[in-house]
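# Report on the structure
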Number of protein chains: 2
Amino acid sequence: MTGVVSSNVTVDLTAVIVSVRDRMPCVLEIDPEAGGRPHLPWGPLGPEHHTLEAGLREWVERQTRLSLGYVEQLYTFGDSSRAGATSAAAERVGGARAARNISVAYLALVHADGALASVSDAAWRGWYEHLPWEDWRGGEPKSMRTVRDRLEYWAATGDGDEVRARRRTRIRLAFGENGMPRDEERVLERYELLYEAGLIPEAWYDDALHPSAQAASMPGRPMGTDHRRMLATAIGRLRGKIKYRPVLFELMPQSFTLLALQRTAEALTGAGLHKQNFRRLVYNQQLVEPTGDVEQETGGRPAKLMRFRREVELERPSPGVRMSATRRAGLV
Amino acid sequence: MTGVVSSNVTVDLTAVIVSVRDRMPCVLEIDPEAGGRPHLPWGPLGPEHHTLEAGLREWVERQTRLSLGYVEQLYTFGDSSRAGATSAAAERVGGARAARNISVAYLALVHADGALASVSDAAWRGWYEHLPWEDWRGGEPKSMRTVRDRLEYWAATGDGDEVRARRRTRIRLAFGENGMPRDEERVLERYELLYEAGLIPEAWYDDALHPSAQAASMPGRPMGTDHRRMLATAIGRLRGKIKYRPVLFELMPQSFTLLALQRTAEALTGAGLHKQNFRRLVYNQQLVEPTGDVEQETGGRPAKLMRFRREVELERPSPGVRMSATRRAGLV
DNA sequence: CCATTTAATGCTCATTAGGAGTATAAGGAG
DNA sequence: CTCCTTATACTCCTAATGAGCATTAAATGG
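The structure presented is a predicted model; accordingly, all values stated were derived computationally and were not measured.

Attention shifts here to the overall build of chain A. Assigned secondary structure in chain A consists of 9 helices and 9 strands. A burial count over chain A gives 55% of its 332 residues as buried. If you take every contact in chain A between residues at least 6 apart in sequence, the share linking residues at least 24 apart comes to 69%.

Structure, rendered in structure tokens:
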């Protein structure tokens, strides 16, 4: 033993930084120099970081000049077989066979009026560009057609009746079909299913899965080193969390109209909401209070401007916006 | 650079293994040889582990001869200031100044009829021995008296009116009081509050917190290296999860009575449930089906034996036992 | 100034989920 | 046969919530 270190493990800190601008949920991405895939801000955990979260904040600030507000840990990824899981680490480690690399992913929320932070190659990009099958605000997205076709092909080419049946069940569960409603929180499950079906280009470096010719035209822009999986995790977490914690307001400006709030919720959940019921919900929960001003630019009757009532967090155990999508697809 | 490794980070895999036996929720613990504190099964992630979960399973199996079924990732802990966060790692690393150590904690569930696995110094211990303020099945536990007194003292000795007010608000939020109902899921929040208040012996190695003489008699048995925090995290997660996923059945034997199921749910949530409503819930959700047999040892009318209907997971998006505690404390 | 359009806002209705309690059934112990 | 115990079946009531109708307040074009 050299006495320096025993473990061959490097730990990366990766940030899924979310903001919603103009009905479009966005992630902060770093575009590669040489035509590679965009990736999330990240950096290795070092001895100087006293907490994981502190390390993450520092890396993000360094790479994007953005100072984060709300941050929560998402998940720790560590499959050594996963696409690119080791490649980036290998470089940093100086070419030695860095056997192992794990990534601790964080979710961060940025207010809509927060700094644009387009510095240092970082840019906001709509997350549905990466996962177009997750946006059902306008009814079933066009990409679902392709997705279903590809998945059905995958299911049909399974080895044996049982395998085929099991695959079809999983598809039905993840994406919803006749009878079975789609669960908007199962973002990761859907991504993983597509991954297993060989429809995610990021998987093509994976031993176990063969590049599928048909996946070439799969909708959804790939990202670097398994980062799309982290994005899917973040979306799922966020969609669940807004229902029982007032995190939605971490994405809103100081004052906002109820419709703006609703549009933000819709952007995240990817589903249309019933306007009147949404208002009733927000009011009943006493999540907001009027600022006294009104927004004139509505196009119709002016809307009262509201602000978040921070006190609710001290009043009730789990305030949140537990809305559910309208049965009939589309905005209301 | 030596060419061997660049990071000074070691990654541990730690398991909170839960089982419920006879109304008592238990964790699998490893008792120390030399009168130290009990700790959870754990081991370092090595290059031979292809996934974190696989590494965890291997360590648990090696240390306790127990083969795990249901496993999910809980949280990754990495505060370098946290009690014992580095000490254990330092030993393994051979005395070198291992600057950094993080722990990926997992939650595992074991069926009540699973192997006792009392081999290799491992033993099941009731989790409320470590966190007695979490068991409200028989109404407010006696330990709450001490806890409230200590917390109130901590709040009262805060520096400045504002600090004192904020501390009292946090206490009220975490533990619930007049008006504010206690949220049984906020286990970690309660633990962290006690930790900050200097009432958790594990914290006494922490720079920022001074050992408080009054904490000497705090109820609740300490554990090694921050493992009690992981236990708190596990309990909170589990209490939340049984409400929307049928994980409760991962703790039950093949066949069981509805009362046994209810007792298990109560053991986890630490609250009494309304028997008739619990049955209605379980029936309406179609979570179980009768085996045809009956249990005679009930002490009264024999109870139908039931089994879990695995199919529900394929039928509805989020089946679970979303019960809520009876208002009036105590069993019904 | 008035009709029309566009949103905001207010309110009703029906259904469901869930908290609480009453009543009945089916065993064993004495 | 009576009492005790637990299982099981219902009833009642209220709060939450999905859906839709109605009204209000601005802007715009005639």
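Still to come is the rest of the account.
Next up on the list: helix α3 (residues 143-156) of chain A. Within an α-helix, residues lying three or four positions from one another point in the same direction, as the helix has 3.6 residues per turn. All names here are of chain A. Taking 1.5 Å of rise per residue, 14 residues should cover 20 Å, and α3 covers 20 Å from first to last C-alpha, within 8% of that figure. Those residues of α3 that sit buried are S143, M144, V147, R150, L151, W154 and A155. The arc that holds the buried residues of α3, viewed along the axis, is 140 degrees, so those residues lie on one side. Elements that come into contact with the buried residues of α3 comprise α4 (161-175) and α5 (187-196).

A word on the sheet that holds strand β7 (residues 255-256) of chain B. In a beta sheet, neighbouring strands pair by backbone hydrogen bonds and run either parallel or antiparallel. Residue and element names in this part refer to chain B. Strands sit in the order β7-β9-β8 across an open sheet of 3 strands; the sheet is antiparallel. Two strands bound the open sheet, and with one partner strand each, they are β7 and β8 (288-295). Alignment of β8 against strand β9 (residues 303-308), held across 5 bridges, turns out to be antiparallel. Paired with E289 across the two strands is R307, which belongs to β9.

Turning to the pattern of salt bridges, a few remarks are in order. Residue and element names in this part refer to chain A. Within this structure, the stated rule accounts for 56 salt bridges over all chains. Note that R237 and E72 form a salt bridge whose closest N and O atoms lie 2.6 Å from each other. With a gap of 165 residues between them, R237 in helix α6 (residues 227-241) and E72 in strand β4 (residues 70-77) connect regions that are remote in the sequence. Using a relative accessible area of 8% as the deciding quantity, one classes E72 as buried. Taken together, the shared-partner salt bridges in this structure form one network comprising E134, R182, R190 and R239.

Turning our attention to helix α7 (residues 258-269) of chain A. Residue and element names in this part refer to chain A. Helix length check: α7 (12 residues) gives 16 Å between terminal C-alpha atoms against 16 Å at 1.5 Å per residue, within 8%. Burial of α7 is extensive: 10 of the 12 residues sit out of reach of the surface. Restricting attention to buried positions, one finds in α7 the residues L258, L261, Q262, R263, T264, A265, E266, A267, L268 and T269.

Moving on, we get to the packing of helix α7 (residues 258-269) of chain B against helix α8 (residues 275-284) of chain B. Residues and elements named next belong to chain B. Between α7 and α8, whose axes approach to 10 Å, the crossing angle comes to 105 degrees. Regarding the angle of α7 to α8, the classification is roughly perpendicular. Residue-level contacts link L258, L259, L261, Q262 and A265 of α7 to K275, F278, R279, V282 and Y283 of α8. Residue classes in the contact of α7 with α8 are distributed as 7 nonpolar, 1 polar and 2 charged.

Looking now at the confidence of the model for chain A. Close inspection of predicted coordinates is inappropriate for parts of the model with low pLDDT. All names here are of chain A. When pLDDT is averaged along chain A, the result is 85, and 83% of the positions lie at 70 or above. Across residues 1-5, where pLDDT falls below 50, the model places 10 contacts with residues more than four positions away in sequence or in other chains. Predicted confidence is poor over residues 85-98, with pLDDT under 50, and the contacts of this stretch with residues over four places away or in other chains come to 20 contacts.

We now examine the pairing of strand β9 (residues 303-308) of chain A. Bridge analysis of strand β7 (residues 255-256) of chain A against β9(A) gives 2 bridges, and the strand direction is antiparallel. Note that in β9(A) the partner of S255(A) across the bridge is R307(A).

Okay, the sheet that holds strand β8 (residues 288-295) of chain A next. Here 3 strands make up an open sheet; going across it, the order is β7-β9-β8 (chain A) and the pairing antiparallel. The outermost strands of the open sheet, each flanked by one partner alone, are β7 and β8 of chain A.

Summed over all chains, the structure comprises 10 aromatic pairs over all chains. Centroid distance F249(A) to F308(A): 4.2 Å. Interplanar angle 10 degrees. Geometry classified as stacked. Residue F249(A) is found in the loop between α6 and β7, and its partner F308(A) is found in strand β9; the two are separated by 59 residues along the sequence. Comparing F249(A) with F308(A), the two get one shared label, buried. Pairwise contacts between aromatic rings join F249(A), F256(A) and F308(A) into one cluster. In this arrangement the basic side chain of R62(B) is found over the ring face of W59(B), its NZ or CZ atom lying 4.5 Å from the centre.

This part takes up a positive patch on the surface. Taken together, the side chains of K275(A), R279(A), R301(A) and K304(A) define a basic patch exposed on the protein surface. On the basis of relative accessibility, which here comes to 78%, the residue R301(A) falls in the exposed class.

If you trace the backbone, E266(A) turns up in helix α7. One polar contact links E266(A) to R263(A), side chain to side chain, over a distance of 2.9 Å.

With that settled, the discussion passes to the environment of M24(B). Among the structural elements, M24(B) can be located in strand β2 (residues 24-30). Once residues lying within four places of it in the same chain are set aside, the contact partners of M24(B) are S19(B) and G126(B).

Our next topic: the environment of L258(A). Residues and elements named next belong to chain A. With respect to the helices, strands and loops of the structure, L258 is situated in helix α7. Exposure remark for L258: the relative accessible area of 6% places this residue in the buried category. Measuring from C-alpha to C-alpha, the distance between L258 and Y283 comes to 9.9 Å, with 25 residues separating the pair along the chain. Those residues in contact with L258 that lie beyond four places of it in its chain are F278, R279, V282, Y283, V288 and M306.

Helix packing geometry: the angle between the two helix axes and the distance between the axes. Residue and element names in this part refer to chain B. Interhelical geometry of helix α3 (residues 143-156) versus helix α5 (residues 187-196) gives an angle of 55 degrees and a closest axis separation of 10 Å. Taken together, the axis directions place α3 and α5 in an arrangement best described as oblique. Crossing geometry of α3 relative to α5 is assigned as left-handed. Mapping the contact onto sequence places V147, L151 and W154 in α3 and L193, L194 and E196 in α5. Residues belonging to the contact of α3 with α5 are distributed by class as follows: 5 nonpolar, no polar and 1 charged.

All names here are of chain A. Residue placement: Y106 occurs in strand β5 (residues 100-109). A C-alpha to C-alpha distance of 8.0 Å links Y106 and E53, two positions 53 residues apart in sequence. Apart from the residues lying within four places of it in its own chain, the contact partners of Y106 are T14, A15, V16, L52, E53, L56, V71, E72, Q73 and L74. A distance of 3.2 Å separates a polar atom in the side chain of Y106 from a polar atom in the side chain of Q73.

Quick notes on the rules
Residues numbered from 1 in each chain as written. Chains lettered and ligands numbered in written order. Predicted model: local features only at pLDDT ≥ 70, side-chain atom pairs only at ≥ 80, totals over all residues. Heavy atoms only, no water. Helix = DSSP H or I, 4+ residues; strand = E, 2+ residues; numbered from the N terminus. Buried < 20%, exposed > 50% of the residue type's maximum accessible area, 1.4 Å probe, protein only. Contact = heavy atoms within 4.5 Å. Expected span 1.5 Å × (residues − 1). Arc of directions from axis to C-beta. Pairing = 2+ DSSP bridges. Salt bridge = Lys/Arg side-chain N within 4 Å of Asp/Glu carboxyl O. Axes fitted to C-alpha atoms, helices over the stretch in contact; angles between N-to-C directions. Parallel < 35°, antiparallel > 145°, perpendicular 65-115°, else oblique. Nonpolar A, V, L, I, M, F, W, Y, C, P; charged D, E, K, R; others polar. pLDDT = per-residue confidence, 0-100. Phe/Tyr/Trp six-rings, centres within 6.5 Å; stacked < 30°, edge-to-face > 60°. Lys NZ or Arg CZ within 6 Å of the ring centre and 35° of its normal. Patch = residues over 30% accessible without salt bridge, like charges linked within 9 Å, V, L, I, M, F, W, Y side chains within 5 Å. Areas by Shrake-Rupley, 256 points an atom, 1.4 Å probe, with all protein chains shown as cover. Lys, Arg positive; Asp, Glu negative; His and termini not counted. Charge placed at Lys NZ, Arg CZ, Asp CG, Glu CD. Polar contact = N/O pair within 3.5 Å; in protein donor to acceptor, adjacent residues only side chain to side chain. Left-handed = near helix turned anticlockwise from the far one by under 90°.

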